[in-house]
Amino acid sequence: MPALTTTSDGFLLRGEPFRILSGALHYFRVHPDQWTDRLRKARLMGLNTVETYIPWNLHEPRPGTLDLDGLLDLPRFLRLAQTEGLNVLLRPGPFICAEWDGGGLPFWLTTDPTIRLRTSDPRFTDAVDRYLDLLLPPLLPYMAAAGGPVIAVQVENEYGAYGDDTAYLKHLESALRSRGIEELLFTCDQADGDHLTNGTLPGVLATATFGSRVDRSLARLREAQPEGPLMCSEFWIGWFDHWGGPHHGRDTADAAADLDRLLSAGASVNIYMFHGGTNFGYTNGANHHHAYAPTITSYDYDAPLTESGDPGPKYHAFREVIARHTTVPDEPVPAPAAKLPSIEVELTDRLSLFRRLGHDGTRSVDPVTADELGRRAGYVLYRTHVPATGAGLLHFDGGVGDRAQVFVDGAPAGVLERERHDETLPVHVPRPGAVLDVLVENMGRVNYGPRIGVPKGLLGPVTFNGEALRGWDCHALPVDDVPPETAFTPANTPTAAGPAFHKGTFEVAEPADTFLSLPGWTKGQAWINGFHLGRYWNRGPQRTLYVPAPVLRPGVNDLVLLELHGTTTPRAHLTDTPDLGPAPS
């Protein structure tokens, strides 16, 4: 029998009345050495549960492999949650959305356009089954039936907004049960339209997702499910940002008032997000409705706990609301964590990105996509020769995925972007046989809707003044890790144009949180001591990258930037204040 059961209007946990007071905390967006701190702060706000998605694409990076190390050590996260006295809601998908690369679906699966994703297509469900065969055995000891903290497991994710394949949902329910999951199963869907009808299953608890109009949303949930607990499984108290867009937030008093309405109605809640964290590395997703819109590196979400783990205004306000409905811990609210004093870092060494080209490129008549090259994320360099000379138009049939920098004989010639629907670029070719380089950046795979699985790289043939350019060398660039120290040489000039790695060192007496600020730099990636902080772009709104204290070490530390366009300064800055863009009015 599961530890968490339902009555006509509520929950019982091991036979006792129980209200779920949960907050979303994605282990894969937080440095593992900070999990204990974040979980403790969840408990001190008055929560009794935390919720997390499970990203399939990172846990099974290649078919048949399971990664549970570092940021992905889910068993360790579950042990720490239990030590803190917190229950856990698990959301394994297989689709998670979460503004996460590909919505969590692995690129090696989504690159096959014939597979009908998130349906009962056997090619999809067989892949899900093989994944669950890998994932679930190490997690079973952490289920409540085995004395662990996991009290409920979600089936799919907001499926009613995507499809109505009941056979698919039933397959997932059976797949979880047949592999030993005895705990309460639940679905979650938006409380609008027919989402709750399409995304629910008989015998599986239905929950709703919304951020406002509490009474109306709960009424719709009750209409769809006449009996059982009322639960908002994603209570949206902030939002995420796109590059080039505004920085989002939600008024604290407004969010707290709606939380109070939820709890006054007797409902259970999962606050989305309690602590957002960071899209480290190449893990951010993207939306594509009218235009492609990649998500920024920060996933702060205007949450109660900031990206750097400090209690913000919502933390204090929500704690007060929760205290009206139940007992909160009689312990002081945690103070903000220490921050490093300001440090200026001089980047003295450089390595041209194009010098990292190996001899293992793929030769093809026309460009091949990044997906065909096996590149989940990062960059692909395409190189060919242009036989004609003079001014003309380069046309990219099908466009680019997602942002392309064009060079003619090494000189920058322009940029094309998927979000602007760019397909044509005027260029001047100085001589017959000039080298044409096209550096294409994957800005994040779509995480929501029917465009999941859209390929990256160059998406078709390329012509110059209508004549096809044939014979391409396609290189998936090795930029998952920083180059070895021996690859760098002292920079000849203090500033430089063109894609290059830049390296510098700085000293730290005692590690503490800090934020990397890059005025004078344009666009690229940042690493400290080999830890991939993520993407920066002067387009904003985000102007700083969060540097977790555990990334640093006493003494000398390394900073490496992959700058794609060039810089007006050889310096970077570490500051004690984040800048995610102007606060919304």
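Basis of the calculations
- Residues numbered from 1 in each chain as written.
- Predicted model: local features only at pLDDT ≥ 70, side-chain atom pairs only at ≥ 80, totals over all residues.
- Heavy atoms only, no water.
- Axes fitted to C-alpha atoms, helices over the stretch in contact; angles between N-to-C directions.
- Helix = DSSP H or I, 4+ residues; strand = E, 2+ residues; numbered from the N terminus.
- Parallel < 35°, antiparallel > 145°, perpendicular 65-115°, else oblique.
- Left-handed = near helix turned anticlockwise from the far one by under 90°.
- Contact = heavy atoms within 4.5 Å.
- Buried < 20%, exposed > 50% of the residue type's maximum accessible area, 1.4 Å probe, protein only.
- Arc of directions from axis to C-beta.
- Pairing = 2+ DSSP bridges.
- Polar contact = N/O pair within 3.5 Å; in protein donor to acceptor, adjacent residues only side chain to side chain.
- Expected span 1.5 Å × (residues − 1).

Asker: Just give me the short version of the packing of helix 1 (residues 35-45) against helix 3 (residues 74-83), but keep the residues and values in it.
Answerer: The N-to-C vectors of helix 1 and helix 3 enclose an angle of 40°; their axes lie 10 Å apart at closest approach. Between helix 1 and helix 3, the angle falls in the class oblique. Helix 1 and helix 3 meet at a crossing whose hand is right-handed. Residue-level contacts link Trp-35, Thr-36 and Leu-39 of helix 1 to Arg-76, Phe-77, Leu-80 and Ala-81 of helix 3.

Asker: Can you explain helix 8 (residues 214-224)? Please cite residues and give values.
Answerer: Among the residues making up helix 8, those that are buried are Val-214, Ser-217, Leu-218 and Leu-221. Along helix 8, the residues classed as buried sweep out an arc of 95° about the axis, all on the same side. Residues of helix 8 that are exposed and angled more than 90 degrees away from the buried face: Asp-215 and Glu-223. Summarising the contacts, the buried residues of helix 8 are in contact with helix 7 (195-198), strand 9 (205-210), strand 10 (231-236) and helix 9 (252-264).

Asker: Got a sec to walk through the sheet that holds strand 2 (residues 11-13)? Specific residues and values, please.
Answerer: In spatial order, the strands read 1-2-3; together these 3 strands make up an open sheet with antiparallel pairing. Two strands lie at the open edges of the sheet, namely strand 1 (4-6) and strand 3 (16-18), each paired on one side alone. Neighbour to neighbour, the strand axes of the sheet diverge by 40° on average, direction disregarded. Alignment of strand 1 against strand 2, held across 3 bridges, turns out to be antiparallel.

Asker: Lay out the side chain of Lys-41 with the relevant residues and their values.
Answerer: Mapped onto the elements of the fold, Lys-41 is located in helix 1. Note on Lys-41: relative accessible area 3%, which makes it buried. Looking at Lys-41, its side chain comes within polar contact range of the main-chain oxygen of Gly-309, at 2.7 Å. If we skip the residues at most four places from it in the chain, Lys-41 touches Phe-274, Leu-305, Gly-309, Tyr-315 and Pro-334.

Asker: Which residues make up helix 9, and what are the values?
Answerer: The end-to-end C-alpha distance of helix 9 is 18 Å, a good match for the 18 Å that 13 residues give at a rise of 1.5 Å each. Within helix 9, burial applies to Ala-255, Ala-256, Asp-258, Leu-259, Leu-262 and Leu-263. Each buried residue of helix 9 lies within a common arc of 160° when the element is viewed along its axis, so the set occupies one face. In helix 9, the exposed positions that point more than 90 degrees away from the buried face belong to Ala-253 and Ser-264. Taken together, the buried residues of helix 9 touch strand 4 (21-25), strand 9, helix 8, strand 10, strand 11 (268-275) and helix 10 (313-325). For helix 9, the capping residue at the N-terminal end is Asp-251, with a side-chain oxygen 3.2 Å from the backbone nitrogen of Ala-253.

These values are about where atoms sit, not about what they do.
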